[in-house]
Amino acid sequence: MKIANLDGRAVVITPDGVIDVAAASGGRFPASPDACVAHVAQIRDWLATDQPAKDPTVTLATLEADAARLGPPVTAPSQIFAIGLNYRDHSTETGLALPDEPLVFTKFPSSLAGPTADIPLPTPTCDWEVELVVVIAEGGRDIPADKALDHVAGFCVGQDISERTGQMAGRPPQFSLAKSHPAFAPIGPWITTPDELDDPADLTLTCTLDGDIVQQGRTRDLIFDVPTLISHLSRVCELRPADLIFTGTPSGVGYARTPARYLTPGSTLRSAITGLGELRNRCTSTGRGSAP
Ligand code: ZN
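Predicted, not measured: the structure shown is a model, and the values here were computed from it.

### Section: the overall build of the protein chain
Here is step 1 of the chain: Assigned secondary structure in the protein chain consists of 7 helices and 18 strands.
Here is step 2 of the chain: In terms of C-alpha radius of gyration, the protein chain reaches 18 Å, essentially the compact-globule figure of 19 Å for 292 residues.
Here is step 3 of the chain: Projected onto its principal axes, the C-alpha positions of the protein chain cover 55 × 40 × 30 Å.
Here is step 4 of the chain: Relative to its 292 residues, the protein chain shows a buried fraction of 53%.

Spelled out as structure tokens, the structure:
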């Protein structure tokens, strides 16, 4: 099942039409995309049982071609976790040692944006990081790894846009603010439930900048896989419905290149994961000059 935020309302997307979850269920399910995430299993059962009518004017194909009506499939999670250095080849390119346990930071929720949102660049040193994003359905504490996937609503594509000057400036450096500028966390285009994927543990991620493939990786190469991350995080923080986990990026980021390459106003970033869809984001100027 693919569940999306269409004009601010939760919809299920199918090849032959969309279903407004709240309207078609007579209010049994909420209209809020965030609230629906906790109910994905029940929504799937309802679809199979009731077979509600679809709006055939909006289909999977029309939304793939024109995703501008889609907002982020989760808009205001209580927590966004992000994991640094979670692919061996990315750790190598940064020159940093492999972490012994997940390296966790946050992207503040106000940085979320939709799958075709423009990304204003606050400095000339903004970088790309395509990532698999996990969406939590049922929360909890102390979730064991072998039960972790039971807590997952689905997956989507994410970009962990990173302003490298601010990220590296401190001693020690701190990541969260420099990764939380407006629209620095585009996600989408929708949430895909795990049952739609042949192997949720082996998905191919691709990031393309102005037609150049700059990143290509596979989630089977994650150092800490999704169950391990959920178990690790929930030992400290209670996970809540609609929480997001950015799971880390493979190699090919701009600042590790020689010479370094960064996003520029006018450039187009395409971020895709097999089975999950694609983000298409255009970079713009902030219109207020470089950040201090
Ligand atoms: Zn990242």
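And the narrative resumes.
### Here's the deal with the coordination of the zinc ion
Here is step 1 of the chain: Glu129 (OE), Glu131 (OE) and Asp160 (OD) make up the full set of protein donors to the zinc ion, lying at 1.9 to 2.1 Å.
Here is step 2 of the chain: Going along the chain, you hit the donors of the zinc ion in the pattern E-x1-E-x28-D. Of this pair, Glu129 sits in the loop between β9 (126-127) and β10 (130-136) while Asp160 sits in the loop between β11 (152-159) and β12 (162-163), and the two are 31 residues apart along the sequence.
Here is step 3 of the chain: In this structure Glu129 comes out as buried when scored by relative accessible area, which is 6%.

### As for the pairing of β11
Here is step 1 of the chain: Burial within β11 is extensive, with 8 of its 8 residues counted as buried.
Here is step 2 of the chain: Here β10 runs beside β11; their pairing, made up of 7 bridges, is antiparallel. Looking at the pairing, Glu131 lines up with Gly158 of β11.
Here is step 3 of the chain: Direction of pairing for β11 relative to strand β13 (residues 185-192): antiparallel, over a ladder of 3 bridges.

### What about the state of the cysteines?
Here is step 1 of the chain: Taken as a whole and judged by the stated rule, the model has 0 disulfides.
Here is step 2 of the chain: Unpaired in terms of disulfides, Cys126 finds its nearest cysteine sulfur in Cys283, a separation of 8.1 Å.
Here is step 3 of the chain: Left unpaired, Cys237 is separated from the closest cysteine sulfur, that of Cys156, by 20 Å.
Here is step 4 of the chain: Relative accessible area serves as the criterion here: at 25%, Cys237 is assigned to the partly exposed category.

### Observations concerning the packing of aromatic side chains
Here is step 1 of the chain: Across all of its chains, the model carries 2 aromatic pairs by this definition.
Here is step 2 of the chain: With 5.3 Å between their ring centres and 70° between their planes, Phe105 and Phe175 make a pair best called edge-to-face. Here Phe105, found in strand β6 (residues 103-106), pairs with Phe175, found in the loop between α6 (164-169) and β13; they are 70 residues apart in sequence, far enough to count as distant.
Here is step 3 of the chain: By relative accessible area, Phe105 is classed as buried at 10%.
Here is step 4 of the chain: Positioned over the ring face of Phe246 is Lys107, at 5.8 Å from the centre of the ring.

### Digging into the environment of Ile161
Here is step 1 of the chain: Here Ile161 lies in the loop between β11 and β12.
Here is step 2 of the chain: Spatially, the C-alpha atoms of Ile161 and Leu121 are 9.7 Å apart, while their sequence positions differ by 40 residues.
Here is step 3 of the chain: In this structure Ile161 touches Lys107, Ile119, Asp127, Trp128, Ala178, Lys179, Phe184, Pro186, Leu263 and Leu269, once residues within four positions along its chain are discounted.

### Remarks on the nonpolar core
Generally speaking, soluble globular proteins have nonpolar side chains that are buried together.
Here is step 1 of the chain: Val134, Ile230, Ile245, Leu263 and Leu276 are the most contacted members of the largest nonpolar core, which has 38 residues in total.
Here is step 2 of the chain: When contributions to this core are tallied by element, the ones reaching two or more residues are β5 (80-84), β8 (119-121), β10, β11, β14 (204-209), α7 (226-234), β17 (268-273) and β18 (277-285).
Here is step 3 of the chain: In terms of nonpolar packing, the next biggest core, distinct from the first, is built from 29 residues, Val74, Ala137, Ala153 and Ala242 among them.

### Here's the deal with the sheet that holds β18
Two pairing modes exist for strands in a sheet, parallel and antiparallel, and in both the strands are linked by backbone hydrogen bonds.
Here is step 1 of the chain: Read from one edge to the other, the open sheet built from 5 strands follows the order β8-β18-β17-β14-β15, with strand pairing classed as mixed. In this open sheet, the two edge strands, each paired with only one partner strand, are β8 and β15 (212-218). Across the sheet, the mean angle separating the axes of adjacent strands is 20° when strand polarity is ignored.

### Description of the domain arrangement of the protein chain
Here is step 1 of the chain: For the protein chain, the assigned domains read domain 1 (2-65) and domain 2 (74-285).
Here is step 2 of the chain: The C-alpha centroid of domain 2 is placed 25 Å from the C-alpha centroid of domain 1.
Here is step 3 of the chain: Residue-level contacts link 14 residues of domain 1 with 18 residues of domain 2.
Here is step 4 of the chain: Across the interface of domain 1 and domain 2, roughly 1300 Å² is buried in total on both sides, 59% from carbon and sulfur atoms.
Here is step 5 of the chain: When the buried surface of domain 1 facing domain 2 is broken down by residue, Lys2, Asp34 and Val37 rank first, second and third, together holding 46% of it.
Here is step 6 of the chain: Notably, a salt bridge pairs Arg44 with Asp195, separated by 3.2 Å at the nearest N-O pair.
Here is step 7 of the chain: On the surface where domain 1 and domain 2 come into contact, there are 6 residue pairs in polar contact (both at pLDDT 80 or more).
Here is step 8 of the chain: At the level of elements, β1 (2-6), α2 (33-37), α3 (40-50) and α4 (60-65) are the ones that each hand at least two residues to the side of domain 1 that touches domain 2.
Here is step 9 of the chain: Looking at side-chain class alone, the side of domain 1 that touches domain 2 contains 9 nonpolar, 1 polar and 4 charged residues.

Cut-offs used in this document
Residues numbered from 1 in each chain as written. Predicted model: local features only at pLDDT ≥ 70, side-chain atom pairs only at ≥ 80, totals over all residues. Heavy atoms only, no water. Helix = DSSP H or I, 4+ residues; strand = E, 2+ residues; numbered from the N terminus. Rg over C-alpha atoms; globule rule 2.2 N^0.38 Å. Buried < 20%, exposed > 50% of the residue type's maximum accessible area, 1.4 Å probe, protein only. Donors = N, O, S within 2.8 Å, 3.2 Å for Na, K, Ca; no water. Pairing = 2+ DSSP bridges. Disulfide = S-S within 2.5 Å. Phe/Tyr/Trp six-rings, centres within 6.5 Å; stacked < 30°, edge-to-face > 60°. Lys NZ or Arg CZ within 6 Å of the ring centre and 35° of its normal. Contact = heavy atoms within 4.5 Å. Core = buried A, V, L, I, M, F, W, Y, C linked by side-chain atoms within 4.5 Å. Axes fitted to C-alpha atoms, helices over the stretch in contact; angles between N-to-C directions. Domains from an automatic or database assignment. Buried area = accessible area lost by both parts, 1.4 Å probe. Salt bridge = Lys/Arg side-chain N within 4 Å of Asp/Glu carboxyl O. Polar contact = N/O pair within 3.5 Å; in protein donor to acceptor, adjacent residues only side chain to side chain. Nonpolar A, V, L, I, M, F, W, Y, C, P; charged D, E, K, R; others polar.

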